[in-house]
Amino acid sequence: QVQLVESGGGLVQPGGSLRLSCAASGIILSIESMYWYRQAPGKQRDVVAIITSGGHTNYAASVKGRFTISRDNAKNTVTLQMHSLKPEDTAVYYCYADRIYTRSQLLTDVWGQGTQVTVSS
C-alpha cells in the first residue's frame, strides 16, 4: 500500500517560515514528478510548486522567491520550505505524485491527506 504522508503544517505569524515534508511509504522503485498543491477555504486547489525526477522545479508566481521545493529520491520524500509567509498563504497543503512505480504496479494521481498551514498574528 503506497501512501503520501505530509507533515510540518501549523500556525505561524506573518513573515515567518515553515517546512513541509511529504514521505511516500511502501516499496517504491521510483516517483516521477512531485507537486505541492494548496486549497484555501472556498477556493479551488492550485499548484504551488513542482519538481521533476531530475530535479527541475517550477513555482506559482505567488510563491516564487519565497518557497523552495526539493526532493530526496533515495528516501522518496519531497519538501517545501516556505519563507516570508503571508496570511494569503493560509490553506491546506497537499502533496501529489503523478506516477509512482512499485515492483508490481504503476500508480497514478496519488494524493496525500493534506496538512493545514495558517498564517496569522
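First things first, this report covers the structure right here in the doc. The structure presented is a predicted model; accordingly, all values stated were derived computationally and were not measured.

1. Thoughts on the overall build of the protein chain
On a plain count of helices and strands, the protein chain comes out with 0 helices and 12 strands. In sequence order, the secondary structure elements of the protein chain are arranged as β-β-β-β-β-β-β-β-β-β-β-β. For 121 residues, the compact-globule estimate of 2.2 N^0.38 gives 14 Å, and the protein chain sits close to it at 14 Å. On the principal axes, the C-alpha backbone points of the protein chain span a range of 50 × 25 × 20 Å. Within the protein chain, the fraction of its 121 residues that count as buried is 44%. Within the protein chain, residue pairs in contact and separated by at least 24 positions form 56% of the contacts whose partners lie at least 6 positions apart. Per element, the accessible surface of the protein chain, about 6,400 Å² overall, is 47% carbon and sulfur.

2. Considerations on the state of the cysteines
Overall, the coordinates contain 1 disulfide when judged by the stated rule. Each sulfur in the disulfide pair C22 and C95 lies 2.1 Å from the other. Taking the torsion about the sulfur-sulfur bond, which here is approximately -80°, the covalent link between C22 and C95 counts as left-handed. In this pair, C22 sits in strand β3 (residues 18-25) while C95 sits in strand β10 (residues 91-102), placing the two residues 73 residues apart along the sequence. C95 shares its class with C22; the two are buried.

3. Observations concerning the pairing of strand β12 (residues 115-119)
Burial along β12 is one-sided: the face carrying T115, V117 and V119 is buried and the face carrying Q116 and T118 is not. Here strand β2 (residues 10-12) pairs with β12 via 3 bridges, running parallel. Across the sheet, residue L11 finds its bridge partner in β12, namely T118. Summarising the sheet, β10 and β12 pair through 3 bridges and their orientation is antiparallel. Residue A91 lies in a different strand from β12, and its bridge partner there is V117.

Procedures and definitions
Residues numbered from 1 in each chain as written. Predicted model: local features only at pLDDT ≥ 70, side-chain atom pairs only at ≥ 80, totals over all residues. Heavy atoms only, no water. Helix = DSSP H or I, 4+ residues; strand = E, 2+ residues; numbered from the N terminus. Rg over C-alpha atoms; globule rule 2.2 N^0.38 Å. Buried < 20%, exposed > 50% of the residue type's maximum accessible area, 1.4 Å probe, protein only. Contact = heavy atoms within 4.5 Å. Areas by Shrake-Rupley, 256 points an atom, 1.4 Å probe, with all protein chains shown as cover. Disulfide = S-S within 2.5 Å. Pairing = 2+ DSSP bridges.

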